[in-house]
Each structure stands twice: as structure tokens, then as C-alpha cells.
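A closer look at the structure
What follows is each chain in one-letter form.
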Amino acid sequence: MKMTNLIAFCLLISMSSICAQTTSKKVIGIQAKYSYANSLHYNAPVAVVSYIEGTNYFRQYPRSRSQYELALLKSISANQDIKIGIGLSSYSFFQEREDVWVIGLPSYPIIKTEFNYRFLSYIIGIRHKFKSETNVRPYIDFEFQYDQNIIKDFSVKQGAALKLATGIMVEMNDRTQIITDIFYKSALTAYNWQKTYYPFQWGIALGLVFRY
């Protein structure tokens, strides 16, 4: 929790600093973003949580979930923004495994389970916008995210990840932009105490940026 509190404090200070530097050039922006992503984890199937010894993991496969983000942007040049924000994210997957064998059954019964771990994400990143002669500009986002599990779970706690996104922004006017991108997010650290769960996700996002 000390790490989470420190990150939250740093984000708050950074946001206050950004807001204090507002100029008439509309270098400050607020971004709201909705994402829909599939997620799984490396080396699947792995034991994210512990079961009775002797049961086998047949299969683990992706699950799709919605995600949300709110961030502050500050232009540091004509083609670059820095980004600080928070979000609600999740890693989800389906799992099929053998249950405990019962006398009289010809084989182990198969249990299908859905896992959904929800996180409060602390986000810092940079956006590079490519030059364009029109109101449509391609861009690339590089982000570092620290994810803290918002549901008490003895196995999955928190972790750090990198996210790469590429997309386009449509400048409706000097204040409003619509953005859409595809992205890939990958864990840098294990998210469970057994050090086996390294999740990743890929998806599509749609957002709105309002500058002032």
C-alpha cells in the first residue's frame, strides 16, 4: 500500500503542476477513453491460484472486458504530449481444469471457470503525433502502468506493465479531438505471489480529447 500511496501522491502533484501551466495555446487537454480488450497470460496454462494437488489444467483462453481511462495531457512540443492519468482495467481469462476424481466416475469431471481481476491503474506516458496536412494525424503512445487490484484477492495483488498503442486522431476543431487506436499491454512483473502470472492484453480504444 505504501507504493500505491506514493504513486497516487506523485500523480496528484504532477496533475496540479500541469493544470497550473495552462496557456492560451491550449497545451492542456483532458482525455476520456473507452477500451475493449482480450487478455491472457504468458506460458498458459499456469497455476494463477492454487488448487488441490493432483488436479490438471487443461486449457486457459482469452476473455474480453471493457476498460476506462481519464487522463491529463500537456503538449511539450508541436508533435508530443505527456500523459498522466488513472483508469479501471482488468485481466480476464477462462479456464478448464480437472476436478477432484469421485469414485464411480469413469474420468475426472471438467470444471470451467472465469477469472476476472480488476485494477486501478496509475498511468504515465508520452504521445508522438506525426505531421499531417489534414485534420487526421497518426500517433503512437508509450505508457507505463502500475496496476493495483481493487478487489481483495489472496493471490493476485499488483503489477507493472508497458503499453504500446498506435492510432489516429481527428481534429474536429482547435479544442476537440476524437482518437481511436489499437494497443498491446504486457506485464513487466508478476501479478501474483507465486510469480507465475504475467498477463498481457490486446484491443481497440475510442476516446475524446478536450483542450483548453
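Conventions adopted
- Residues numbered from 1 in each chain as written.
- Predicted model: local features only at pLDDT ≥ 70, side-chain atom pairs only at ≥ 80, totals over all residues.
- Heavy atoms only, no water.
- Helix = DSSP H or I, 4+ residues; strand = E, 2+ residues; numbered from the N terminus.
- Buried < 20%, exposed > 50% of the residue type's maximum accessible area, 1.4 Å probe, protein only.
- Contact = heavy atoms within 4.5 Å.
- Phe/Tyr/Trp six-rings, centres within 6.5 Å; stacked < 30°, edge-to-face > 60°.
- Lys NZ or Arg CZ within 6 Å of the ring centre and 35° of its normal.
- Salt bridge = Lys/Arg side-chain N within 4 Å of Asp/Glu carboxyl O.
- Pairing = 2+ DSSP bridges.
- Core = buried A, V, L, I, M, F, W, Y, C linked by side-chain atoms within 4.5 Å.
- Polar contact = N/O pair within 3.5 Å; in protein donor to acceptor, adjacent residues only side chain to side chain.

A word on the overall build of the protein chain. Secondary structure assignment for the protein chain yields one helix and eight strands. Moving toward the C terminus, one meets the helices and strands of the protein chain in the order α-β-β-β-β-β-β-β-β. Buried residues in the protein chain amount to 43% of all 212 residues. Restricting to contacts in the protein chain with at least 6 residues of sequence separation, those with at least 24 account for 68%.

The next point concerns the packing of aromatic side chains. Counting across every chain of the model gives 12 aromatic pairs. Positioned over the ring face of Tyr 61 is Arg 59, at 4.1 Å from the centre of the ring. Sitting over the face of the ring of Tyr 139, Arg 127 holds its NZ or CZ atom 4.6 Å from the ring centroid.

A few words now on the side chain of Ser 35. Here Ser 35 is to be found in strand β1 (residues 28-41). Looking at Ser 35, the relative accessible area reads 7%, which means it is buried. Those residues in contact with Ser 35, other than ones at most four positions away along the chain, are Arg 65, Ser 66, Gln 67, Phe 183, Ile 204 and Ala 205.

Our next topic: the pattern of salt bridges. All chains considered together, the criterion is met by nine salt bridges. Across the pair Arg 63 and Glu 114 runs a salt bridge, and its minimum N-O distance is 3.0 Å. Here the residue Arg 63 occupies a position in strand β2 (residues 57-77), and Glu 114 occupies one in strand β4 (residues 110-129), the gap between them amounting to 51 residues. Where Asp 81 meets Arg 211, a salt bridge forms, and the shortest distance between an N and an O atom there is 2.7 Å. Taken as a pair, Asp 81 in strand β3 (residues 80-98) and Arg 211 in strand β8 (residues 199-211) lie far apart in primary sequence, 130 residues in all. Here the two residues Asp 81 and Arg 211 agree in accessibility, since each one is buried. A single network of salt bridges, built from pairs that share partners, joins Arg 63, Arg 65 and Glu 114.

Tracing the sequence through the fold places Phe 183 in strand β7 (residues 176-187). Taking the C-alpha atoms as reference points, Phe 183 and Lys 163, separated by 20 residues in sequence, lie 7.0 Å from one another. Aside from chain neighbours lying at most four places away, what touches Phe 183 is Ser 35, Ala 37, Lys 163, Leu 164, Ala 165, Gln 201, Trp 202, Gly 203, Ile 204 and Ala 205.

On to the pairing of strand β6 (residues 158-171). Sheet faces and side chains relate simply in a regular strand, where the side chains alternate between the two faces. Bridge count between strand β5 (residues 136-149) and β6: 13 bridges; the pairing is antiparallel. Bridged to Gln 145 within β6 is Ala 161. Of the strand pairs in this sheet, β6 and β7 are connected by 11 bridges, and their pairing is antiparallel. When the bridges of β7 are listed, Ala 165 appears paired with Phe 183. The antiparallel pairing of β6 with β7 creates a hairpin that spans four residues between the two strands.

What follows concerns the nonpolar core. Judged by nonpolar contacts, the single largest core of 14 residues is most densely connected at Val 48, Phe 93, Tyr 117, Val 156, Tyr 191 and Tyr 197. Counting only elements with at least two residues in this core, the list comes to β3 and β4. Of all the elements, β4 adds the most residues to this core, at three residues. Leaving out residues up to four positions away in the same chain, Val 156 has contacts with Val 48, Tyr 117, Phe 119, Asn 149, Tyr 191, Asn 192 and Tyr 197. Formed by five residues, the second largest nonpolar core is a distinct cluster that contains Leu 73, Met 169, Ile 179 and Val 209.

Moving on to the side chain of Ser 92. Structurally, Ser 92 can be placed in strand β3. Within the structure, the side chain of Ser 92 is placed 2.5 Å from the side chain of Asn 116, a separation counted as a polar contact. Beyond its immediate chain neighbours, meaning those up to four positions away, Ser 92 contacts Ser 39, Leu 40, Arg 63, Arg 65, Phe 115 and Asn 116.

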